[in-house]
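Summary of the model geometry
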Amino acid sequence: MTSQTPPSFLSRIAIAIGSFFAILGNGRLAADVTRVRAGEAFAADVAPKEVRVEVPVEKIVEVRVEVPVEKIVEKTVEKRVEVPTHTAALQLLGLLQREARFVDFLQEDVAPYTDAEIGAATRVVHEGCRKVLGEHFAISPVRTEAEGSRITLPAGFDAAAVRLTGNVVGQAPFTGTLNHRGWQVTQVNLPQLTDMQAAQVIAQAEVEL
């Protein structure tokens, strides 16, 4: 810090006169001048004391938060190809033709043949059709009772599985004679098709070379 230049003599006279009246009117100023005259140093000449102020500072703590991440699991869904109903029917017809010559037999005009000739052909057709049913279908009777026995159908019986004939009057329960046990398919095991369009050809034309 640079020191100020001392005032001139005339300036000091002016200061002294002004200070005289100021001291007369201000007791505090008079007390300050008294301390200075007694040898107390000016405030400007006193080296400032270092004042150390401790300010509390919040400690920053790093917190690690683990967020659970949902595990993505790839799920493979097998898409089942539904075979149209008409295609399955064509496939069955093709099996009956291959094993029993079923279509050939039905398409043939049997009027010119004798009963013995038709009977012989029927045996072949019957054997082949039975083979197809045994290999590709599981069939069981609808009713387990013996045909000709008397049975009672309770209220709420399955009308899709049992057909009433004769004089049907009133509401169930019904009691009657079992004329036919009926058949139901419990399992189907048709071969897997590789070409659905080819199922329309139930019997290939044969050309001998």
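Scroll up for the structure.
Residues numbered from 1 in each chain as written. Predicted model: local features only at pLDDT ≥ 70, side-chain atom pairs only at ≥ 80, totals over all residues. Heavy atoms only, no water.

Another point: the pattern of salt bridges. One pass over the full model with this rule turns up four salt bridges. As a salt-bridge pair, Arg98 and Glu99 come within 3.5 Å of each other at their nearest N and O atoms. Owing to a relative accessible area of 60%, Arg98 belongs among the exposed residues under this scheme. Taking the shortest distance from any N to any O, the salt bridge between Lys131 and Glu99 comes out at 3.3 Å. Separated by 32 residues along the polypeptide, Lys131 in helix α5 (residues 115-136) and Glu99 in helix α3 (residues 85-100) bring together distant segments of the chain. If you follow the salt bridges from partner to partner, you end up with Arg98, Glu99 and Lys131 in one network. (Salt bridge = Lys/Arg side-chain N within 4 Å of Asp/Glu carboxyl O. Buried < 20%, exposed > 50% of the residue type's maximum accessible area, 1.4 Å probe, protein only. Helix = DSSP H or I, 4+ residues; strand = E, 2+ residues; numbered from the N terminus.)

We now examine unusual backbone geometry. A cis amide bond links Ala172 to the next residue, Pro173, at an omega of 10 degrees. By the element assignment, Pro173 lies in the loop between β2 (150-153) and β3 (174-177). Non-glycine residue Arg101 carries a positive phi angle of around 55 degrees. Within the secondary structure, Arg101 sits in the loop between α3 and α4 (102-107).

Core analysis: the largest hydrophobic core is formed by six residues, namely Leu95, Leu96, Ala100, Val125, Cys129 and Val132. Looking at this core, the elements with two or more residues in it are α3 and α5. Ignoring any residue separated from it by four or fewer positions in sequence, one finds Val125 in contact with Ala100, Phe102 and Phe105. (Core = buried A, V, L, I, M, F, W, Y, C linked by side-chain atoms within 4.5 Å. Contact = heavy atoms within 4.5 Å.)

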